Amino acid sequence: MKQIPRILISTVLGCASGAALLPVHATPAAAATTATAAPQTSAFSKAELARMKAGAARVTILRDKWGIPHVFGKRDADAVFGMVFAQAEDDFNRVELNYINAMGRLAEVEGEAEIWRDLRMKLYIDPADMKAKYAASPAWLKQLMDSFADGMNWYLVTHPQVKPKLLSRFEPWMALSFSEGSIGGDIESIELKPLEAFYARQPARASAAPAATAPKVASLDQGFDAEPRGSNGFAIAPRLTADGHALLMINPHTSFYFRPEVHMVSEEGLNAYGAVTWGQFFIYQGFNERLGWMHTSGGGDVIDEYLETVVEKDGKFFYQYDGKQRPLQSRRIDLPYKTANGMASRSVTAWFTHHGPVIRSENGKWVAVKMMDDPMHALMQSYGRTKARDYAAFYKVMGLRTNSSNNTVYADADGNIAYFHGNFIPRRDPHFDWTKPVDGSTSATEWQGLHEVKDTITVFNPKSGYISNTNNWPCTGFGASSPKCADYPSYMWSLPQNARGIHAERVLHDADKLTVDGLVARAYDSYLTAFEPLVPAVLKDWDALPASDPRKARLAGQVAALRGWDLRWSSTSVPTSLAVYWGQDMVKGAAPRARAKGVPVVDFVQTSLGAQERLDALGRASDRLQADFGSWKTPWGEINRFQRLSGAVDQQYDDSKPSWPVGFTSANWGSLASFGMTAKQTTKRIYGDRGNSFVAAVEFGPRLRARSILAGGESGDPASPHFADQAEMYSRGEFKDVLFYKEDIEKQLERKYHPGE
């Protein structure tokens, strides 16, 4: 039972292609420097410095006119060195914060409220264990991890003005703490408030005075996730394209500035381009000259909870299993945290059964959680797919079965397209309801190994000629070639259909003679499927009102606007503004009831609201538009804006500062191009912070062709010319040409250098 919230506005929530960025009050990249920083060479021996300097000499970084780093190295390890160095140049703040979070050390920089987030990570991430896994890794992987650490450390050595928040030295094993590609990943599916409730009862260590009350967990949870996290992936077979080459659409919906755009090349066959999560040394969603891959969130049900019957005897704890009692394992976990007067610390005794760590209690039982815990093979798979040259090699990498968070959409230069719904899927007895915690006292509920890739829901070269996934079920998205979900255990798919899935099927089912630009146009198709049942319903509601009802006159103009609307977004559209505000009002009111019934809230709004609720919501939406903008007839582009003012992780917005109009809407309403706001709104305008981030369309011909766009720009430094140089293009859905070949890069070269020069 994957413990991520299941009932969301768009019916999707995935932490793989896109969970929210860290909830920290981070400084901009430029502000991470100090005039009097201590020299950082003292942290390294002469031999280490010589090794790093030699490594830098084997790497050349070419920055193109967009600031995109194209990293060339003799070996793969050299490309890794240069690639992480380039990331640190662009936004060391985000790189460091990702590792601070991954290792459960956030409270050391953010304070006591983060200790439960840290505990959650430390239930799985133990430095001694990671070091042992590093030692046991194959030699080629060790080399990559060594180069990762050297590249990060060389950045610190050559940038003594940069003052890290916490990590003044990177170690190779740290890469294993953050290995699978999805920021946060499965561990972050453990809910913090129940974890706190279970472990906060333990006393504080003597080194820190006990708090009068337990520290409240810091969280971005606003009670209901208002913007879906997820992605779109499309693949088009050669017979449906203009030039007979397979096409791939890479469209992750993540927090903005979540992944930069990077190209890494070596003389050992590496030539990968795409999006990389800050601090990781592999391309997460992208392509090489032979094939490409796109991950969408929400594959199989991959996490299960076990109800453990625990008894105490003579101060020791035991749990029931197959009629016998087993001792619980325990481990003391220290949780240091920052205070106004320096560092303090708490410690907890964490409990474990053979299923996994105990994370909460429920109806007198302790609840243990079981999930994938194989960082070495996850890192091998994440890196390995970047070097695959054909479908057979890619399929072999998929055979490692350590991608637990994602589905995969695939296309290649041989003309193949494919889809993998999930990858790490435990085999279970289907007679149990795996959507709920199961009985941990019986071996009948044990995982029975993993499903082979061939036994999972996969599609290879469908007759329909296209593949799509929008974090929805795999029961559609391939036309008549769609798999029959009834043929598979129900735990293999965990999310239902959504408005984007319906939309994608429509724009792809009649695809013909598609080009890269044609695929982009379909991926930005402006129709909003979620309003199809809603608008006719409210028109009927209004038509049925008696003339004496005050709403008849009050809403006449609004109803006329909706009656003439083609259900398409645009920056000049007044009905788009009215419909979105109306929809948001209905969602806000219906969310608790939808949760209680276990129904996605947009589905609930479409099917379960009455005429009075719809009409009243339309009235309130009109009033809000009138109050905020002076008229309910305000065009959408006046309201929906892209703005980037600083390099901070927690972006702040200002209606008085420059911004760009954006036509596309939240994915909640079926917009394939997604643009939504998750930050607490303190402005009148809507400023997107999640949705289309790095987007690319790729054609796998004899000479690869690709186009891409990045939210804002490559750099996190407001002083950089590449901080917002793609912002206006992004707001219009306009793409730039990807410079993939060296001769093209050099024609539009901004800078060429070795790391540290």
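See the structure printed just above.
Residues numbered from 1 in each chain as written. Predicted model: local features only at pLDDT ≥ 70, side-chain atom pairs only at ≥ 80, totals over all residues. Heavy atoms only, no water.

## Points about the state of the cysteines
Moving on, step 1. All told, the structure shown has 1 disulfide when counted by the stated rule.
Moving on, step 2. Covalently, Cys475 is tied to Cys485 through a disulfide, its sulfur atoms 2.0 Å apart. A torsion of -110 degrees about the S-S bond marks the disulfide between Cys475 and Cys485 as left-handed. Here the residue Cys475 occupies a position in the loop between β21 (466-469) and α10 (499-508), and Cys485 occupies one in the loop between β21 and α10, the gap between them amounting to 10 residues.
Moving on, step 3. Judged by relative accessible area, Cys485 falls into the buried class, the value being 10%. (Disulfide = S-S within 2.5 Å. Helix = DSSP H or I, 4+ residues; strand = E, 2+ residues; numbered from the N terminus. Buried < 20%, exposed > 50% of the residue type's maximum accessible area, 1.4 Å probe, protein only.)

## Quick word on the sheet that holds strand β2 (residues 69-73)
Moving on, step 1. An order of β20-β18-β17-β8-β7-β6-β5-β2-β1-β30 is seen for the 10 strands of this open sheet, with the pairing classed as mixed. Each of the sheet's edge strands pairs with one partner strand only, and the pair in question is β20 (457-460) and β30 (749-753). Neighbour-to-neighbour, the strand axes of this sheet turn through a mean angle of 15 degrees, independent of strand direction.
Moving on, step 2. Taken together, the 4 bridges between strand β17 (residues 406-412) and strand β18 (residues 417-421) define a ladder with antiparallel strand orientation. What sits directly across from Tyr410, in β18, is Ala418. (Pairing = 2+ DSSP bridges. Axes fitted to C-alpha atoms, helices over the stretch in contact; angles between N-to-C directions.)

## Quick look at the packing of helix α15 (residues 574-597) against helix α17 (residues 611-629)
Moving on, step 1. Contact geometry for α15 and α17: axes closest at 8 Å, N-to-C directions at 125 degrees. Overall, the two elements α15 and α17 adopt an arrangement that is oblique. Pair α15 / α17 crosses with right-handed handedness. Every residue of α17 that contacts α15 at Ser577, Leu578, Tyr581, Trp582, Gln584, Asp585, Met586 and Arg593 is listed here: Glu613, Arg614, Ala617, Leu618, Arg620, Ala621, Ser622, Arg624, Leu625 and Phe629.
Moving on, step 2. By residue class, the composition of the contact of α15 with α17 is 9 nonpolar, 3 polar and 6 charged. (Parallel < 35°, antiparallel > 145°, perpendicular 65-115°, else oblique. Left-handed = near helix turned anticlockwise from the far one by under 90°. Contact = heavy atoms within 4.5 Å. Nonpolar A, V, L, I, M, F, W, Y, C, P; charged D, E, K, R; others polar.)

## Let's talk about the sheet that holds strand β15 (residues 356-362)
Moving on, step 1. Within the open sheet, the 6 strands sit side by side as β13-β14-β15-β16-β9-β19. Their pairing is mixed. Of all strands in the sheet, those with a lone pairing partner are β13 (329-339) and β19 (438-439), marking the two edges.
Moving on, step 2. Sheet topology places β13 next to strand β14 (residues 342-353); 11 bridges connect them, and they run antiparallel. When the sheet's bridge partners are listed, Arg331 is paired in β14 with Ala350.
Moving on, step 3. Running over the sheet, helix α4 (residues 115-122) touches β13 and β14 and is turned about 145 degrees from β13.
Moving on, step 4. Packing of helix α7 (residues 192-199) onto the sheet brings it into contact with β14, β15 and β16 (365-370), and relative to β15 it is tilted by some 85 degrees.

## Topic: the packing of helix α14 (residues 556-563) against α15
Moving on, step 1. Contact geometry of α14 with α15 gives a least axis separation of 9 Å together with a crossing angle of 110 degrees. Considered as vectors, α14 and α15 are oriented roughly perpendicular to each other. As for the relative orientation of α14 and α15, their crossing is left-handed in sense. For the pair α14 and α15, contact is made by Gln558, Ala561 and Leu562 and by Pro575, Leu578 and Ala579, respectively.
Moving on, step 2. Here the residues of the contact of α14 with α15 are counted per class, giving 5 nonpolar, 1 polar and no charged.

## Details of the nonpolar core
Moving on, step 1. By size, the foremost hydrophobic cluster in this structure holds 115 residues, and its most contacted members are Tyr99, Leu119, Leu123, Phe148, Phe170, Tyr199 and Phe281.
Moving on, step 2. For this core, the element with the highest residue contribution is helix α2 (residues 76-102), accounting for 15 residues.
Moving on, step 3. Core analysis: the next-biggest nonpolar cluster, separate from the first, contains 107 residues, Phe234, Ala246, Tyr581 and Leu618 among them. (Core = buried A, V, L, I, M, F, W, Y, C linked by side-chain atoms within 4.5 Å.)

Keep in mind that these numbers describe shape and distance, not what the molecule does.
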